[in-house]
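Remarks on the overall topology
These are the residues of each chain, in order.
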Amino acid sequence: MSEHQAAGPPERFEAPAAGPRVKPTAEAIVPRVAGQSLVDGQWHRLHPATPLLRGGIAFVAILGIVIANLRERLIEFFIPAPGMEQPTDPIDYILNHGFVGWVLLAIAVGLIVVIAVFWFSWRMHTFRVTDEAVEVRSGILFRTNRKAKLDRIQGVSIEKPLLARLIGASRINVSVAGQDANVKLEYLYGADADGLRRDVLTLASGVKLAERRQTAAAGDPVDPVLPPQSAPDGAGGVSRFVTERVDDFISPELDPEEAVPDSVVRLTLGRLVGSTLLSPFTVIVLISVVAGVVLLVNGLDWAWFWLVPMVLSLGAFVWSSVTKSLRYSIAATASGVRIGFGLFSTTNDTVPPGRIHAIEVSQPIIWRPFGWWRVRINKAGLSLEQAARGATSNTVLPVGSLVDAAQVVELMLAGRIDGSAWAPLQSALATRDGVGFVGSPRRSRWINWFSWRRTGYALRDGMLLFRQGVVWRKLHILPLARLQSIRVDQGPLLRALDLASATAHTVPGPVIAKLPAMARDEAVRMFDAASAAIVVAQSTDRSHRWASFDPEHQPDEAQATAPYLDEPVAQSGTEPTTRAHAEPWQEHSPAPSVPFPTTDQDRRTT
Amino acid sequence: MTTPHPGEPRPTPDQPAERPLIETPLEELSSPETVQADPAEQSGKRLELPDAEWRRVSRKLIAVEFISEGAGLVLVTAAVVFVALVWDWTWIWWPFAAFAVISLIAAAFIPRRIRSIGYQLRADDLLFRRGIMWQRFVAVPYGRMQLVDINRGPLSRAFGLADLKFVTASASTGVVINGLPEAEAEGLRDHLVAVAESRRTGL
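The model shown is predicted, which means the values in this text are computed figures rather than measured ones.

Our focus in this paragraph is the overall build of chain A. Scanning chain A from terminus to terminus reveals 19 helices and 21 strands. When the 606 residues of chain A are sorted by exposure, 40% land in the buried category. Restricting to contacts in chain A with at least 6 residues of sequence separation, those with at least 24 account for 60%.

Quick look at the structure:
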């Protein structure tokens, strides 16, 4: 049984004098009470093992090295072997010159200093969460104070590196947009971390904790903010309730295997290994390995130096990708979409509503026979280097069927679309002429040899959609309220063909939304319509305080006022153009009576 | 699409009237060279926005560009002459000739290139264009502004010009308006900050 349950419903900061607390001055540091919320505007300390986990690992490693080097001497000390020649080493020197006492004293002093530094750094490292901000103070000689405004939070993740996980500690990373701007609380008791994250996100949503608890006390444990998204079969309330409870009671005392939140999408090991093996990286490495083997067979022994590192890197790549993505889970919670990853070191990321700047559903040609798709997002708070590396936290679905991808996209677009995302995704990605997309004219085949039919855009439901690619099928979904700017280009080649290209700019991330070629007049129309729609979408967007207003109001208003494309300009010649209409998602469904394929169909694709 | 007056208040649900007034109307800062798109350019297959009225940058920028282009050419010529005389590398004249021809062609296009730079302050977003061979049109809502930079190089300063850079959370927005008169650049900066403040949303 977890500490949360044992302590009963926690009392928080509306009654600070009632509990065993000290007086609520700003500088008082409140000791940890199991099961009590840390979100009370008071200063708190971190997990006592924090210095050890952050820097002390090095100390332990040094100790290990010393012990390993003295192994011979230790063995000899316990099992004397007279007559053996000893090489002169520092220990002989110390013994022979009678410095033993001094050395022991020095070691003792060193240990005391290290422990004192650790203890002081733990004492001085405090944090607090107020109604406005998360604040961290740290450092002994050089004091640091970092404060992040709650309405600027882009996401909160809980990370448990293997060692920390073993002792039941976890790290909270509050991400804020900007280079290296994250607020890290490392390390906390694992039991506190989930509650702290939930409360931070509740505060960030614009709801006072007291109000939230009133709602909870009124017998409505499910947060009213999010419309049911998690399960399209009507069990949304139940599954979300279970998710919430699991979220509440997840703790290191429980077996982590049992506490896996109720995920919308499951990732099987076979699919994960298969997709990793069928990635472009593995294909390149396999080609190199084959080349190496051919060289070996032909008697060139130096090929070993080529082959061995290649095989090792392949193994390391597959191993790290698979262990990182194992135990994947994704679920809607009251405070946003929660995505969990990791077998040994776990990451659990919560992205609040309106923090997703771009979504990409893509499929390399090598995955096509299996019907696998990947979903990635752009979100703020990622440094440029991380964006360049393609950080794993941006992959929200490493591999899955189109049904899985549709469910993930629904979660990501919570509140923006109604109904299933499967039909529009299916039509946009798996058919040749996507319904509702403005296609590119036939003359653009000189630019996109194979994919000109699949290149197109749509502007609807407060979103800009780009579809493209044959070898690498892609659909970009860009919420207009998050777009930074939009651009159309024309170079000499495109001008000769009466074409233009378009780019939508978002925060840096793995998704780069660029449409390589479209009819020139369509580009002008899209530029006009999209730039006007962006302004409307942004003036009605309130998602930085997502719960402090009526959530139903926002998408409706955006839909009602967003200028949509009317009739496209008549194309010169006979070139076909698909038309865009301001229709809700599900009306594009080729078979609206079948909202979702059965799980059998789903399994068939694996 | 209509082109409303720049800075015209736009009613929003929660802040109907009390948005800060923009102190300096931009028209008073300089004589705005608002030019309709060149009819010659509009014909054919060129990318053009039909209703845009572009403000052009200062013509002094042409002189600045000529001088910097010429200075580059002079420096390279000096280096080539030096190398040719000292080491007697006669072949170096060939690449130099190619370089000189390309530079002269680029110089010939400078006036057109400068004239192609334009911006327009619409009610809620900034429109920017540049390029003749490689044309580029960007629309940025004012509310997306993270900061505005004004840079002055030594040569631009001598001509009283400044470059204005509009920075958003996206690294690739790339709106840099070169060659604004200093007073206009500063007025534009204050204007952009004011309208961005009144239209601010989340990231």
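Here the narrative resumes.
Okay, the domain arrangement of chain A next. Residue and element names in this part refer to chain A. Looking at the assigned domains, one finds that chain A contains domain 1 (3–46 + 125–249), domain 2 (53–123), domain 3 (269–325) and domain 4 (353–597). Each partner contributes residues to the interface: domain 3 has seven residues there, and domain 4 has seven residues. Elements with a contribution of two residues or more to the side of domain 3 that touches domain 4: α10 (269–277) and α12 (304–325). Here the side of domain 3 that touches domain 4 gets three residues from one element, more than from any other, and that element is α10.

Residue and element names in this part refer to chain A. What the seven strands build is an open sheet, ordered β14-β13-β12-β18-β17-β16-β15; its pairing is antiparallel. Because the sheet does not close on itself, it has two edges, and the strands there are β14 (395–400) and β15 (438–439). Across six bridges, strand β17 (residues 463–468) lies against strand β18 (residues 472–479) in antiparallel orientation. Looking across to β18, one finds that Leu-465 is bridged to Ile-477.

This next bit is on the UniProt feature "transmembrane region" (unreviewed entry) in chain B. Residue and element names in this part refer to chain B. Summarizing the sequence annotation, UniProt attributes the feature "transmembrane region" (unreviewed entry) to residues 61–85 and 91–110 in the numbering used throughout. Taken end to end, residues 61–85 comprises 100% helix and 0% strand; its first and last C-alpha atoms sit 36 Å apart. Overall, residues 91–110 shows 90% helix and 0% strand. The separation of its end C-alpha atoms is 30 Å.

What follows concerns the sheet that holds strand β6 (residues 147–151) of chain B. Residue and element names in this part refer to chain B. Strands sit in the order β6-β7-β8 across an open sheet of three strands; the sheet is antiparallel. Of all strands in the sheet, those with a lone pairing partner are β6 and β8 (175–181), marking the two edges. For this sheet, the mean angle separating the axes of adjacent strands, direction not counted, is 25°. Two elements, β6 and strand β7 (residues 161–167), share five bridges in a ladder whose sense is antiparallel. Each bridged residue has a counterpart across the sheet, and for Asn-151 the counterpart in β7 is Asp-163. Seen against the sheet, helix α2 (residues 60–87) touches β7 and β8 and runs at an angle of roughly 105° to β8.

Let us look at the nonpolar core. Counting residues in each nonpolar core, the largest one holds 109 residues, and the members touching the most others are Ala-405, Val-408, Val-409, Met-412, Leu-425, Tyr-457 and Leu-464 of chain A. Membership of the second largest hydrophobic core comes to 27 residues, among which are Phe-127, Val-156, Val-183 and Leu-185 of chain A.

Once that is clear, we can look at the pairing of β17 of chain A. Two faces belong to every sheet, and in a regular strand the side chains alternate between them. Residues and elements named next belong to chain A. Buried residues dominate β17, accounting for six of its six residues. Pairing geometry for strand β16 (residues 456–460) and β17, over five bridges, is antiparallel. Within β17, the residue paired with Tyr-457 across the bridge is Phe-466. In this antiparallel pair of consecutive strands, β16 and β17, the connection spans two residues, and Asp-461 shows a positive phi of 55°. From the end of β17 to the start of β18, which pair antiparallel, there are three residues, and Gly-469 there has a positive phi angle of about 95°.

Between chain A and chain B, the contact holds 33 residues from the first and 29 residues from the second. Elements with a minimum of two residues in the side of chain A that touches chain B: β19 (485–490), α16 (492–496), β20 (499–505) and α17 (520–539) of chain A. In terms of residues, the side of chain A that touches chain B owes the most to one element, α17 of chain A, which gives eleven residues. Among the residues forming the side of chain A that touches chain B, the class breakdown is 14 nonpolar, twelve polar and seven charged. The sheet contact formed by β19 of chain A and strand β5 (residues 135–141) of chain B spans five bridges and is antiparallel. Counted as the bridge partner of Ile-486 of chain A is Ala-139 of chain B from β5 of chain B.

This paragraph deals with the environment of Trp-319 of chain A. Summarising the element assignment, Trp-319 of chain A is placed in helix α12. In sequence terms Trp-319 of chain A and Thr-276 of chain A are 43 residues apart; their C-alpha atoms lie 9.3 Å from each other.

Residues and elements named next belong to chain A. Across the seven residues that make up β20, a large majority, seven, are buried. Taking every second residue as pointing to the same face, both faces of β20 are buried, with Leu-499, Ser-501, Thr-503 and His-505 on one and Ala-500, Ala-502 and Ala-504 on the other. Two strands pair when backbone bridges link them, and β19 and β20 are joined in this way by five bridges, in the antiparallel orientation. Within β20, the position partnered with Val-488 by the bridge is Ala-502.

Below, the discussion takes up helix α15 (residues 422–429) of chain A. Residues and elements named next belong to chain A. With seven of eight residues buried, α15 lies mostly within the body of the structure. Trp-422, Ala-423, Pro-424, Leu-425, Gln-426, Ala-428 and Leu-429 are the residues of α15 that are buried. Each element contacted by the buried residues of α15 is listed here: β12 (356–364), α14 (402–412), β17 and β18.

Residues and elements named next belong to chain A. Close contact between α10 and α12 brings their axes to 10 Å; oriented N to C, the two are set at 140°. Crossing of α10 against α12: the hand is right-handed. The segment α10 lies against α12, with Leu-272, Val-273, Thr-276 and Leu-277 engaging Val-318, Ser-321, Val-322 and Ser-325. Residues of the contact of α10 with α12, tallied by class, amount to five nonpolar, three polar and no charged.

On to unusual backbone geometry, then. With an omega of -5°, the peptide bond running from Glu-186 of chain A to Tyr-187 of chain A counts as cis. With respect to the helices and strands, the residue Tyr-187 of chain A is situated in strand β8 (residues 183–189). Positioned with a positive phi, Arg-327 of chain A is a non-glycine residue whose angle comes to about 55°. By the secondary structure assignment, Arg-327 of chain A is in the loop between α12 and β9 (329–333). Its identity as a non-glycine residue notwithstanding, Asp-88 of chain B has a phi of 60°, on the positive side. Structurally, the position occupied by Asp-88 of chain B is in the loop between α2 and α3 (93–116). Taking the number of C-beta atoms within 10 Å as the measure of exposure, Asp-88 of chain B has 8 and is therefore exposed.

Residues and elements named next belong to chain A. Where helix α11 (residues 280–297) contacts α12, the two axes come as close as 9 Å, and the packing angle between them is 155°. Classified by the angle their axes make, α11 and α12 are roughly antiparallel. Both α11 and α12 take part in a crossing whose hand is left-handed. From α11, Phe-281, Thr-282, Val-285, Ser-288, Val-289, Gly-292, Val-293 and Leu-296 reach across to α12, where they touch Trp-306, Leu-307, Met-310, Val-311, Ser-313, Leu-314 and Phe-317. Split by residue class, the contact of α11 with α12 holds eleven nonpolar, four polar and no charged.

Calculation criteria
Residues numbered from 1 in each chain as written. Chains lettered and ligands numbered in written order. Predicted model: local features only at pLDDT ≥ 70, side-chain atom pairs only at ≥ 80, totals over all residues. Helix = DSSP H or I, 4+ residues; strand = E, 2+ residues; numbered from the N terminus. Buried ≥ 20, exposed ≤ 12 C-beta atoms within 10 Å, placed from the backbone. Contact = placed C-beta atoms within 7 Å. Domains from an automatic or database assignment. Pairing = 2+ DSSP bridges. UniProt positions renumbered as here; feature names shortened; annotations may be inferred. Axes fitted to C-alpha atoms, helices over the stretch in contact; angles between N-to-C directions. Core = buried A, V, L, I, M, F, W, Y, C linked by C-beta atoms within 7 Å. Nonpolar A, V, L, I, M, F, W, Y, C, P; charged D, E, K, R; others polar. Left-handed = near helix turned anticlockwise from the far one by under 90°. Parallel < 35°, antiparallel > 145°, perpendicular 65-115°, else oblique.

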